[in-house]
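Okay, here's what each chain looks like letter by letter:
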Amino acid sequence: MNEDIRIHSWPCSYYLDTSKQWVSGRLSLTPVAIKFTADKTGELLVNFHLSSISEIKKESSNLIFSSLTILEKNTKHWFSSLQPNRNVVFNILEHFWREQLLSSEGAGAEAAALQSTKGKELTGLLSGSQKRLEDTAKVLHYQGEQFDNIMRGLNKIEGDMDVADRLLTELESPSWWPFSSKLWKAPLESKPKETATVSDSKNQEGIIIRIPVIITHRTDSNVKPGKLTLFASGLEISDCNSQVIHRFESKDVDDIRVHTPYEISVRQRFIGKPDTSYRLLSAKMPEAIPILEMQFSKKIQFLEDALGFVGARKSPQVDLGTSIWQAATGLLGGVVQPSSPVGGREGTDNDQVQLQKQEKISQEEAKELKQILKKLKGLALETEAELERQDEALDSITTSVDRATLNIDKQNRRIKKLT
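Residues numbered from 1 in each chain as written. Predicted model: local features only at pLDDT ≥ 70, side-chain atom pairs only at ≥ 80, totals over all residues. Heavy atoms only, no water.

- Naming follows an unreviewed UniProt entry, where the protein appears as Synaptosomal-associated protein 47 of Nycticryphes semicollaris.
- Its UniProt record gives the protein a comment under Sequence similarities (unreviewed entry), which states: "Belongs to the SVAP1 family." (UniProt positions renumbered as here; feature names shortened; annotations may be inferred.)

**Quick look at the packing of aromatic side chains**
Phase 1 of the analysis: One pass over the full model with this rule turns up six aromatic pairs.
Phase 2 of the analysis: Judged by centre distance (6.1 Å) and plane angle (55 degrees), the rings of Phe 36 and Phe 79 are tilted. Here the residue Phe 36 occupies a position in strand E3 (residues 33-38), and Phe 79 occupies one in strand E7 (residues 75-80), the gap between them amounting to 43 residues. Neither residue differs from the other here; Phe 36 and Phe 79 are each classed as buried.
Phase 3 of the analysis: One aromatic cluster is present, formed by Tyr 14, Phe 36 and Phe 79 through successive ring pairs.
Phase 4 of the analysis: One Lys or Arg, Arg 247, reaches over the ring of Phe 231 and ends 4.5 Å from the middle of that ring.
Phase 5 of the analysis: Lying over the aromatic face of Phe 270, Lys 273 brings its terminal NZ or CZ to 4.4 Å of the ring centre. (Phe/Tyr/Trp six-rings, centres within 6.5 Å; stacked < 30°, edge-to-face > 60°. Helix = DSSP H or I, 4+ residues; strand = E, 2+ residues; numbered from the N terminus. Buried < 20%, exposed > 50% of the residue type's maximum accessible area, 1.4 Å probe, protein only. Lys NZ or Arg CZ within 6 Å of the ring centre and 35° of its normal.)

**Let's talk about the environment of Asn 85**
Phase 1 of the analysis: Along the chain, the position of Asn 85 falls in the loop between E7 and helix H1 (86-102).
Phase 2 of the analysis: Engagement of the side chain of Asn 85 in a polar contact is seen with the backbone nitrogen of Asn 87, the distance being 3.1 Å.
Phase 3 of the analysis: At 2.9 Å, the side chain of Asn 85 forms a polar contact with the backbone nitrogen of Val 88. (Polar contact = N/O pair within 3.5 Å; in protein donor to acceptor, adjacent residues only side chain to side chain.)

**Quick notes on the pairing of strand E10 (residues 234-239)**
Phase 1 of the analysis: Judged by how many residues are buried, E10 sits mostly within the fold: six of six residues are covered.
Phase 2 of the analysis: Burial of the side chains of E10 extends over both faces: Gly 234, Glu 236 and Ser 238 are buried on one face and Leu 235, Ile 237 and Asp 239 on the other.
Phase 3 of the analysis: Note: strand E9 (residues 224-231) against E10, six bridges, orientation antiparallel. For Thr 229, the partnering residue across the bridge sits in E10 and is Glu 236.
Phase 4 of the analysis: Between E9 and E10, which pair antiparallel one after the other, the connecting turn spans two residues.
Phase 5 of the analysis: Bridge analysis of E10 against strand E11 (residues 244-249) gives five bridges, and the strand direction is antiparallel. Within the sheet, the bridge partner assigned to Ile 237 lies in E11 and is His 246.
Phase 6 of the analysis: Turn length for the E10-E11 hairpin, with the two strands adjacent in sequence and antiparallel, is four residues, and the turn residue Ser 242 shows positive phi of about 65 degrees. (Pairing = 2+ DSSP bridges.)

**Quick look at a positive patch on the surface**
Phase 1 of the analysis: A cluster of basic residues, Lys 410, Arg 413, Lys 416 and Lys 417, forms a positive patch on the protein surface.
Phase 2 of the analysis: Here Arg 413 is to be found in helix H8 (residues 363-418). (Patch = residues over 30% accessible without salt bridge, like charges linked within 9 Å, V, L, I, M, F, W, Y side chains within 5 Å. Areas by Shrake-Rupley, 256 points an atom, 1.4 Å probe, with all protein chains shown as cover. Salt bridge = Lys/Arg side-chain N within 4 Å of Asp/Glu carboxyl O. Lys, Arg positive; Asp, Glu negative; His and termini not counted. Charge placed at Lys NZ, Arg CZ, Asp CG, Glu CD.)

**Remarks on the sheet that holds strand E8 (residues 207-217)**
Phase 1 of the analysis: Taken in spatial order, the eight strands make up an open sheet running E11-E10-E9-E8-E14-E13-E12-E15, and their pairing is mixed. Every other strand in the sheet has two partners, leaving E11 and strand E15 (300-302) as the edge strands with one partner each. Strand-to-strand twist in this sheet, taken as the mean axis angle between neighbours without regard to direction, amounts to 30 degrees.
Phase 2 of the analysis: Relative to strand E13 (residues 263-268), strand E12 (residues 255-260) runs antiparallel, the two sharing five bridges. (Axes fitted to C-alpha atoms, helices over the stretch in contact; angles between N-to-C directions.)

**Things to note about H1**
For an α-helix the count is 3.6 residues per turn, leaving residues at separations of three or four pointing the same way.
Phase 1 of the analysis: For H1, spanning 17 residues, the distance from its first C-alpha to its last is 24 Å, which sits close to the expected 24 Å at 1.5 Å a residue.
Phase 2 of the analysis: Within H1, 12 of the 17 residues are buried, which leaves the element mostly enclosed by the surrounding structure.
Phase 3 of the analysis: Buried residues of H1: Val 88, Val 89, Phe 90, Asn 91, Ile 92, Leu 93, Glu 94, His 95, Phe 96, Trp 97, Glu 99 and Gln 100, and no others. (Expected span 1.5 Å × (residues − 1).)

**Examining the nonpolar core**
Soluble globular proteins: nonpolar side chains tend toward being buried together.
Phase 1 of the analysis: In terms of nonpolar packing, the biggest core is built from 29 residues, with Leu 27, Leu 29, Ile 34 and Leu 93 touching the most fellow members.
Phase 2 of the analysis: If you list the elements that add at least two residues to this core, you get strand E1 (8-16), strand E2 (21-29), E3, strand E4 (44-49), strand E5 (53-61), strand E6 (65-72) and H1.
Phase 3 of the analysis: Inspection of this core shows a minimum of three residues originating in each of domain 1 (8-103) and domain 2 (207-308).
Phase 4 of the analysis: Sequence-distant contacts of Ile 34, defined by excluding residues within four places in its chain, comprise Leu 27, Ser 28, Leu 29, Val 46, Asn 47, Phe 48, Leu 50, Ile 53, Ile 70 and Leu 93.
Phase 5 of the analysis: The next biggest cluster of nonpolar side chains, apart from the first, holds 28 residues, and it includes Ile 211, Ile 215, Ile 256 and Met 285. (Core = buried A, V, L, I, M, F, W, Y, C linked by side-chain atoms within 4.5 Å. Domains from an automatic or database assignment. Contact = heavy atoms within 4.5 Å.)

**Observations regarding a negative patch on the surface**
Phase 1 of the analysis: Together, Glu 388, Asp 391, Glu 392 and Asp 395 make up a negatively charged patch on the protein surface.
Phase 2 of the analysis: Relative to the assigned elements, Asp 395 resides in helix H8.
Phase 3 of the analysis: Residue classification places Asp 395 among the exposed residues on the basis of a relative accessible area of 52%.

**What about the pattern of salt bridges?**
Phase 1 of the analysis: If you walk through the whole model with that rule in mind, you get 10 salt bridges.
Phase 2 of the analysis: In this structure, Glu 94 and Arg 98 form a salt bridge, with 3.2 Å as the shortest nitrogen-oxygen distance. Taken as a pair, Glu 94 and Arg 98 lie in helix H1 at a separation of four residues, close to a single helical turn.
Phase 3 of the analysis: Here Asp 255 makes a salt bridge to Arg 269, at a shortest N to O gap of 3.2 Å. Taken as a pair, Asp 255 in strand E12 and Arg 269 in the loop between E13 and strand E14 (276-281) lie far apart in primary sequence, 14 residues in all.
Phase 4 of the analysis: Residue classification places Asp 255 among the buried positions, given a relative accessible area of 9%.

**Overview of the pairing of E14**
Phase 1 of the analysis: By the criterion of burial, E14 is predominantly enclosed, with five of the six residues buried.
Phase 2 of the analysis: For E8 and E14, the ladder comprises four bridges, and the chain directions are antiparallel. The partner of Ile 214 across the bridge, within E14, is Leu 281.
Phase 3 of the analysis: Summarising the sheet, E13 and E14 pair through six bridges and their orientation is antiparallel. Pairing of Ile 264 across the sheet is with Leu 280, part of E14.

Following this line, the structure appears as structure tokens:
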């Protein structure tokens, strides 16, 4: 992720201690830093890393002006006249500051980056791929359950059609026909309990991902911290106390706009009343966007500031299972020995030497990479098998719907004759 991308900026004033005066300008937030640029000179007066902050507070300057103070190492920075208001800026800055400290790239991010080896980079990359593939498998599993429910529903419809067909046959039979009253009574006992298995899919539904967010409702200027939870069937916005503010089922979402890699808006349109719209900002949003893109591929829109993010991250969706495995093995193969294929028995010891000598990958890191690749392969094969199963289910559903349509047309014609 580009560390120079601007997440948000606000007009404000900064107290310049050297000249003992307030300077108007813009306070900017990036994924890892806070900056202040003066309006008149364009000079960058403040630029420090989020991990160097020890405190963010709301204070008053001269007992009059409401201000925001940021304690960076031993320096206290004063910001005032914040727009749209101080609370909005405070909530957003505090959110990104705390997430930066909690993340693995927290206070020692810069030092750790210098010391990281190629093995750690590969492990992180493949772990991320494994997490995304696991999320994909959850969504596919839920979709598979929905297909199963549809098939059960269609089977019930076919059973009802059989009963209707017997009823019509009895009505069409002459009054003197001795077997007419027994044609349709027997199968009625095989009907029950069809809906019992369809029911509790939501209760069994697992959480794909949950991230902390800053929530803005419609065009309100106030923001509040909360959580965004992604399920296979939709998404849920809740406050800090886990009280649900709003839940969007997949069918309810009309569009999702990705404003930046850290900010999205979700909207449901209505006729004759205001739309339901929420704007969500989070330091963890880059982890949620790929899942949203997979779930709402036809409803998600990347705006100009987010196009670089999707371009750098996006990969083709075709052959989902095998492509991830091939990419992972190819990546490791390039590090192990660029000229030799990965997976063969020959040269395994040489590969280990290459791992350790050329790219400084330790034996433990190499073992961890192999374990991740093994899991990736299993997940990829399971995903591929589930996709094939769902393709077959779709074909069966299409066939059943066509058959039911023909039966309905046929029975309509028979009913017309009877009337």
